[in-house]
Amino acid sequence: MNEAFVASLPLGATQAAATLAQSLTAGKPEVGPAELHQLVLSQLDDDQAQDVVSIPLEGKSSIADHMVIASGRSTRQVASLAQKLAEKIKQAGFGHARVEGLPAADWVLIDAGDVVIHLFRPEVRSFYNLERMWSFEGSETSMMGRN
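Treat the numbers as computed from the prediction; the structure is a model and nothing was measured.

Peer 1: Could you give an account of the overall build of the protein, naming the residues involved and the relevant values?
Peer 2: Broken down by element type, the protein carries six helices and six strands. By the burial criterion, 33% of the 147 residues in the protein qualify as buried. Taken as a whole, the protein presents about 9200 Å² of accessible surface, with 54% of it coming from carbon and sulfur.

Spelled out as structure tokens, the structure:
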């Protein structure tokens, strides 16, 4: 707030605003890129996504801190994975994730800010081979999930 505006408020109003701000943030855990990344990996595992790969981008790209790539067995599973993940991200307080490609569900992109998720059908994933494009020499690409 503007300092002049705050100075013009009665002392009681300023203290009440500070107390309200503290009560609104009390009990809310700090959420950051690591927590969002863990939520994404956990949800994909729960929903039985296949061949989950996480590529760390922090310090290498400004688009996100993590890129997660996973496959679904069919267009129906890819669409379901995307919808559930976007809803879970919103429910966890990370805001609204942008979802692209849902109608066809061959390749769905979910932009959750600090984490970008690509969900593919296996044939489409092997064609585009994003893991190879985004894996940097010397970087650690972690493989998680089911084959």
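Peer 1: An account of the side chain of D65 is needed here, citing residue identities and associated values.
Peer 2: With respect to the secondary-structure elements, D65 resides in the loop between β1 (50-56) and β2 (66-71). For the buried D65, no salt bridge is present, and the opposite-charge side chain at shortest range is K60, 11 Å distant.

Peer 1: Requested: an account of the environment of S126, with residues and values cited.
Peer 2: As for its placement among the helices and strands, S126 is situated in helix α5 (residues 122-128). Overall, the relative accessible area of 54% leaves S126 in the exposed class. Among the polar contacts made by the side chain of S126, one reaches the main-chain carbonyl oxygen of E123 at a distance of 3.0 Å.

Peer 1: Give a description of the nonpolar core that names residues and reports values.
Peer 2: In terms of nonpolar packing, the biggest core is built from 23 residues, with V40, L44, V68, I89, I110, I117 and L119 touching the most fellow members. Breaking this core down by element, the ones donating at least two residues are α3 (33-46), β2, α4 (75-91), β4 (107-111) and β5 (115-120). Here the element with the most residues in this core is α4; it accounts for six residues. Leave out the neighbours within four places in its chain, and I110 touches A82, L85, I89, A97, R98, V99, V115, V116, I117 and L119. Core analysis: the second largest hydrophobic core is formed by 10 residues, V53, I55, A64 and L130 among them.

Peer 1: Go over the pattern of salt bridges, please, and point to the residues and values.
Peer 2: In total, this model carries five salt bridges according to the counting rule given. Of the charged contacts in the structure, one is a salt bridge between R121 and E123, with a shortest N-O distance of 2.3 Å. Looking at R121, the relative accessible area reads 21%, which means it is partly exposed. For E123, a relative accessible area of 48% translates into the label partly exposed.

Peer 1: Now, about unusual backbone geometry: what can you tell me, with residues and values included?
Peer 2: Phi at A105 is positive, roughly 60°, even though this residue is not glycine. Its location among the elements puts A105 in the loop between β3 (98-100) and β4. A105 sits in the buried class, given a relative accessible area of 3%. Of note in this structure, N129 is not a glycine but carries a positive phi near 50°. Residue placement: N129 occurs in the loop between α5 and α6 (130-134).

Peer 1: Could you give an account of α4, with specific residues and numbers?
Peer 2: Helix length check: α4, at 17 residues, gives a terminal C-alpha distance of 24 Å against a target of 24 Å (1.5 Å per residue), a fit within 8%. Restricting attention to buried positions, one finds in α4 the residues Q77, V78, A79, L81, A82, L85, A86 and I89. Among the residues trailing α4, G93 stands out with phi positive, at a value near 90°.

Peer 1: Which residues make up the environment of L109, and what values go with them?
Peer 2: The residue L109 is located in strand β4 in this model. Put simply, L109 and A82 are 27 residues apart on the chain and 8.2 Å apart in space, counted from C-alpha to C-alpha. Apart from the residues within four sequence positions on either side, L109 is in contact with R98, V99, E100, V116, I117 and H118.

Peer 1: So what about the packing of aromatic side chains? Which residues, and what values?
Peer 2: Applying the stated criterion to the full structure yields three aromatic pairs. Relative to F120, the ring of W107 has its centre 4.8 Å away and its plane inclined at 35°; by these criteria the two rings are tilted. With W107 in strand β4 and F120 in strand β5, this residue pair connects regions lying 13 residues apart in the sequence. Between W107 and Y128 the ring centres are 4.7 Å apart and the planes differ by 50°, which places this aromatic pair in the tilted class. You can see W107 sitting in strand β4 and its partner Y128 sitting in helix α5, a full 21 residues away along the chain. Residue classification places W107 among the partly exposed positions, given a relative accessible area of 28%. You can call Y128 partly exposed: its relative accessible area is 39%. A network of ring pairs unites the aromatic residues W107, F120, F127 and Y128 as a single cluster.

Rules used throughout
- Residues numbered from 1 in each chain as written.
- Predicted model: local features only at pLDDT ≥ 70, side-chain atom pairs only at ≥ 80, totals over all residues.
- Heavy atoms only, no water.
- Helix = DSSP H or I, 4+ residues; strand = E, 2+ residues; numbered from the N terminus.
- Buried < 20%, exposed > 50% of the residue type's maximum accessible area, 1.4 Å probe, protein only.
- Areas by Shrake-Rupley, 256 points an atom, 1.4 Å probe, with all protein chains shown as cover.
- Lys, Arg positive; Asp, Glu negative; His and termini not counted.
- Salt bridge = Lys/Arg side-chain N within 4 Å of Asp/Glu carboxyl O.
- Polar contact = N/O pair within 3.5 Å; in protein donor to acceptor, adjacent residues only side chain to side chain.
- Core = buried A, V, L, I, M, F, W, Y, C linked by side-chain atoms within 4.5 Å.
- Contact = heavy atoms within 4.5 Å.
- Expected span 1.5 Å × (residues − 1).
- Phe/Tyr/Trp six-rings, centres within 6.5 Å; stacked < 30°, edge-to-face > 60°.

None of the figures reported here should be taken as evidence of function without further support.
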